[in-house]
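Geometric and topological summary
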Amino acid sequence: MDIKAIWVAAAGEFSWTKPGWLRHIGAKRVGSVVLVGTMLLALGLVAHRYQQNQPKPLQVGIAVTAPGVASLVDDALVPEPLRVTFAYLPNPDIVVPAALSAARIDLIGAVVTEGIRLDPAIAGEWRFDSQNVLTFRPESDWPAGQAFRVRVTPGVLAPQIELATREVSFETAGFNVSLREANFYQDPIQAGQRKVVASFSFSHAVDRASLQRRLSLTLRESGSDAVSYTHLTLPT
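Computed from a predicted structure; not experimentally measured.

Observations regarding the sheet that holds strand β8 (residues 133-138)
- One open sheet holds the five strands; their spatial order is β1-β4-β8-β7-β5, and the pairing between them is antiparallel. Strand pairing shows two members of the sheet lacking a second neighbour, β1 (60-65) and β5 (111-112), which therefore form its edges.
- Two strands pair when backbone bridges link them, and β1 and strand β4 (residues 82-88) are joined in this way by six bridges, in the antiparallel orientation. Following the sheet pairing, I62 is matched in β4 by F86.

Considerations on the confidence of the model for the protein chain
- Residues with a pLDDT of 70 or more make up 72% of the protein chain, whose mean pLDDT is 80.
- Mean pLDDT values over the elements of the protein chain span from 59, in strand β14 (residues 227-229), up to 96, in strand β7 (residues 124-128).

A closer look at the pattern of salt bridges
- This structure, assessed with the given rule, holds six salt bridges.
- Residues R127 and E125 are paired through a salt bridge, measuring 3.4 Å at the closest nitrogen-oxygen approach.
- Residue classification places R127 among the partly exposed residues on the basis of a relative accessible area of 25%.
- Taking the relative accessible area as the measure of exposure, E125 reaches 32% and is therefore partly exposed.
- As a salt-bridge pair, R149 and E167 come within 3.9 Å of each other at their nearest N and O atoms. Taken together, the positions of R149 in strand β9 (residues 147-152) and E167 in strand β10 (residues 167-171) put the pair 18 residues apart, joining distant regions of the chain.
- Here E167 falls in the partly exposed class, since its relative accessible area comes to 33%.

Some thoughts on the sheet that holds strand β6 (residues 116-119)
- What the three strands build is an open sheet, ordered β6-β9-β10; its pairing is antiparallel. Lying at the two open borders of the sheet, with one neighbouring strand each, are β6 and β10. Taking the axes of each pair of neighbouring strands and ignoring which way they run, one obtains an average angle of 20° across the sheet.
- Here four bridges tie β6 to β9, and the two strands are oriented antiparallel to one another.

Observations concerning the environment of F170
- Position of F170 relative to the elements: it lies in strand β10.
- On a C-alpha basis, the gap between F170 and P67 in space is 9.2 Å, while along the polypeptide they are 103 residues apart.
- Excluding residues that lie within four positions of it along the chain, F170 makes contacts with V64, A66, P67, L82, L118, W142, Q146, A147, F148 and V150.

Regarding a nonpolar patch on the surface
- On the surface, a cluster of nonpolar side chains totalling about 520 Å² of accessible area is made up of F175, V177, L179, F200, F202 and V206.
- Looking at the element boundaries, L179 is found in strand β11 (residues 177-186).

Concerning the packing of aromatic side chains
- All chains considered together, the criterion is met by six aromatic pairs.
- For the ring pair F86 and F128, a centre distance of 6.3 Å and an interplane angle of 35° mean the geometry is tilted. In this pair, F86 is assigned in strand β4 and F128 in strand β7, connecting sequence segments 42 residues apart.
- The class of F86 is buried, set by a relative accessible area of 2%.
- Since its relative accessible area comes to 0%, F128 is described here as buried.

What counts, and at which threshold
- Residues numbered from 1 in each chain as written.
- Predicted model: local features only at pLDDT ≥ 70, side-chain atom pairs only at ≥ 80, totals over all residues.
- Heavy atoms only, no water.
- Pairing = 2+ DSSP bridges.
- Helix = DSSP H or I, 4+ residues; strand = E, 2+ residues; numbered from the N terminus.
- pLDDT = per-residue confidence, 0-100.
- Salt bridge = Lys/Arg side-chain N within 4 Å of Asp/Glu carboxyl O.
- Buried < 20%, exposed > 50% of the residue type's maximum accessible area, 1.4 Å probe, protein only.
- Axes fitted to C-alpha atoms, helices over the stretch in contact; angles between N-to-C directions.
- Contact = heavy atoms within 4.5 Å.
- Patch = residues over 30% accessible without salt bridge, like charges linked within 9 Å, V, L, I, M, F, W, Y side chains within 5 Å.
- Areas by Shrake-Rupley, 256 points an atom, 1.4 Å probe, with all protein chains shown as cover.
- Phe/Tyr/Trp six-rings, centres within 6.5 Å; stacked < 30°, edge-to-face > 60°.

Listed below in structure tokens is the structure:
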């Protein structure tokens, strides 16, 4: 059986002519270049594998405790602080020390004015409450449902600390409102005097004037169009 004849019948004939550069430098030299390139590639793969098998360095991770909703204390809002905690990450190649002191020793208990950034920025104060806890106390309440990013630079930490990441994100609690109860009242003497008394529950403190402007009530009597009432009053 003529294999060549079968190939030509199935795929046709092909021809190849050496390019000028190959004829110029010679096949032996090309073979040498290919051999050297293959050896360099093999050495690179060996070096990469060696690097991958080396013990991983001991690193410190960053965890954030997002602030909760502000508390009302003596008729004043007290915002919840943001806490950034530093801790060793698990490492199968190294015995992880039991204790960590991440903060630069001169900053423990002190106000931190640089090396830490909150984005978007809000007014407040950063302070190392302990050697591993960095706390931010805002001057006013946190905006509801807002995403933030904290970036830490090594300058605020002890020289030997290697961070696994320098950024961490969080989101503040979203704003929620729910209707607790609603009661319809009709004056027994003056039938035209009617009112609806409703109670709402809010997750955050609400500005009274702003709430008053946004209150409305829509009624729909059988067989008629809906009627909206916007002149509603809040209890004093």
